[in-house]
Amino acid sequence: MSTSQISPFLQVDGVQKSYDQRTILSDINVNVRQGEFVAIVGRSGCGKSTLLRLIAGLEAPSSGSVMLDNRKLGSTAPETRFLFQEARLLPWKSVLDNVRLGIPDKNKEDARQSLRNVGLGEREGDWPGVLSGGQKQRVALARALASHPRLLLLDEPLGALDALTRIEMQQLIERLWVEEGLTVILVTHDVSEAVALADRVLLIEDGHITMDTRITLERPRIRDSGFAHFENLILNRLLTPPQETPQQIAQKQISFSI
Ligand SMILES: Nc1ncnc2c1ncn2[C@@H]1O[C@H](COP(=O)(O)OP(=O)(O)OP(=O)(O)O)[C@@H](O)[C@H]1O
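- You'll find the protein chain entered in an unreviewed UniProt entry as Aliphatic sulfonate ABC transporter ATP-binding protein, with Paenibacillus xylanivorans given as the organism.

So this is what it looks like as structure tokens:
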């Protein structure tokens, strides 16, 4: 058996991150299998986006390591794409040209296919300025997927959308995750969104991962009592922190490997 078959796709090992003497993340250990959908939740400012940037290779850990497919990250890996809360489209380029950014000339047809996959094939000639917020995010998603990444990092990409558009986008992301065989890591404030989409939900408190919950519900998920059970489990944990410190809890968890 080759090493890649036994090692996790993403391996975050003993990661600590500080800014100017202030520790944001301490001793973070997470393994993610290829094809897994992992959500990261936690209070505002707990370090969710920081962890995602470390996984993206946009920043380096103060200590510890991030390995992607057995390679230590020094910068952004070519197989990784990032989606933010804002679509970040270039307003002077058409929808299609925005999707074509960053993919080789010979693969330009992939951009059209990617736009069709998000249901915007008819809008390729439009300017971003005439699109709704949800449509802009779909273009950003098409752009992220046009180069066939293996790892998709989502930092609150649906945070600015209305409730219905948000649920439609969640369904789209879930469909594309399955079709493209992606590994996805989603940062969200919305516990319900995490339970709707993720195989595992990680909770960060005071710079430690204090909960790693497998969501064992069938897909597509419906908001029934089973769904509410997981939602309440995570929400209650967030609202009523236990007596022990996050550090003590994290130390009890021998490994988050699966
Ligand atoms: N480049 C930086 N320099 C200094 N401090 C930073 C930097 N980036 C993040 N921080 C600090 O690290 C902490 C965690 O920030 P981060 O954005 O990771 O939190 P978050 O959990 O994603 O928050 P939110 O849910 O509000 O987006 C915050 O206190 C923030 O001020």
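1. Focus: the domain arrangement of the protein chain
Then comes step 1: Looking at the assigned domains, one finds that the protein chain contains domain 1 (3–79 + 149–252) and domain 2 (90–147).
Then comes step 2: Between domain 1 and domain 2, the residue contacts involve 10 residues of the former and 8 residues of the latter.
Then comes step 3: Among the elements that take part in the side of domain 1 that touches domain 2, helix α6 (residues 163–180) stands out by supplying 5 residues, more than any other.
Then comes step 4: Of the residues contributing to the side of domain 1 that touches domain 2, the split by class is 8 nonpolar, 1 polar and 1 charged.

2. A few points about the site of the ligand
Then comes step 1: Taken together, Tyr19, Ile24, Gly42, Ser44, Gly45, Cys46, Gly47, Lys48, Ser49, Thr50 and His189 make up the full set of residues adjacent to the ligand.
Then comes step 2: When residues of the shell around the ligand are assigned to their parent elements, the largest contribution, 3 residues, is made by helix α2 (residues 48–56).
Then comes step 3: Considered class by class, the residues forming the shell around the ligand number 3 nonpolar, 7 polar and 1 charged.

3. Notes on the pairing of strand β4 (residues 63–68)
Then comes step 1: Sheet topology note: the strand β1 (residues 10–19)/β4 ladder contains 5 bridges and is antiparallel. Pairing of Val12 across the sheet is with Val66, part of β4.
Then comes step 2: Summarising the sheet, β4 and strand β5 (residues 71–72) pair through 2 bridges and their orientation is antiparallel. By the bridge assignment for β5, Met67 is matched with Lys72.
Then comes step 3: Counted along the chain from β4 to the antiparallel partner β5, the turn is 2 residues long, and its residue Asp69 has a positive phi close to 50 degrees.

4. Overview of the UniProt feature "domain: ABC transporter" (unreviewed entry) in the protein chain
Then comes step 1: In this numbering, the UniProt entry assigns the feature "domain: ABC transporter" (unreviewed entry) to residues 10–231.
Then comes step 2: Split by type, residues 10–231 is 32% helix and 27% strand. Its first and last C-alpha atoms lie 26 Å apart.

5. A few points about the sheet that holds strand β6 (residues 80–83)
Adjacent strands of a sheet pair through backbone hydrogen bonds, lying either parallel or antiparallel.
Then comes step 1: Read from one edge of the open sheet, 6 strands run β6-β7-β8-β3-β9-β10, paired in mixed fashion. Whereas interior strands pair on both sides, the edge strands pair on one side only; in this sheet they are β6 and β10 (208–214). When the angles between neighbouring strand axes are averaged without regard to direction, this sheet yields 15 degrees.
Then comes step 2: As paired elements, strand β7 (residues 151–155) and strand β8 (residues 183–187) share 5 bridges and run parallel to each other.

6. Brief notes about the environment of Arg53
Then comes step 1: Of note, Arg53 is situated in helix α2.
Then comes step 2: Once the C-alpha coordinates of Arg53 and Asp13 are considered, the two residues, 40 residues apart in sequence, prove to be 15 Å apart.
Then comes step 3: If near-sequence neighbours (up to four positions away) are discounted, Arg53 is found in contact with Leu58 and Glu59.

7. Regarding the environment of Gln85
Then comes step 1: One can find Gln85 in the loop between β6 and α3 (95–100).
Then comes step 2: For Gln85 and Leu154, which are 69 residues apart along the polypeptide, the C-alpha to C-alpha distance reads 8.4 Å.
Then comes step 3: Each residue touching Gln85, except ones within four places of it in the same chain, is listed here: Asp155, Glu156, Pro157, Gly159 and Ala160.

8. Observations concerning the nonpolar core
Then comes step 1: Among the nonpolar cores identified, the biggest contains 65 residues, and Ile55 and Val201 are the most heavily contacted of them.
Then comes step 2: Considering each element in turn, this core owes the most residues, 7 residues, to helix α5 (residues 133–146).
Then comes step 3: Of the domains in this structure, domain 1 (3–79 + 149–252) and domain 2 (90–147) are the two that each give at least three residues to this core.
Then comes step 4: When residues no more than four places from it in sequence are discounted, the contact partners of Val201 are Ala39, Val41, Ala194, Val195, Thr213, Ile215 and Ile234.

Reading the values: the criteria
Residues numbered from 1 in each chain as written. Predicted model: local features only at pLDDT ≥ 70, side-chain atom pairs only at ≥ 80, totals over all residues. Domains from an automatic or database assignment. Contact = placed C-beta atoms within 7 Å. Helix = DSSP H or I, 4+ residues; strand = E, 2+ residues; numbered from the N terminus. Nonpolar A, V, L, I, M, F, W, Y, C, P; charged D, E, K, R; others polar. Near = placed C-beta within 6 Å. Pairing = 2+ DSSP bridges. UniProt positions renumbered as here; feature names shortened; annotations may be inferred. Axes fitted to C-alpha atoms, helices over the stretch in contact; angles between N-to-C directions. Core = buried A, V, L, I, M, F, W, Y, C linked by C-beta atoms within 7 Å. Buried ≥ 20, exposed ≤ 12 C-beta atoms within 10 Å, placed from the backbone.

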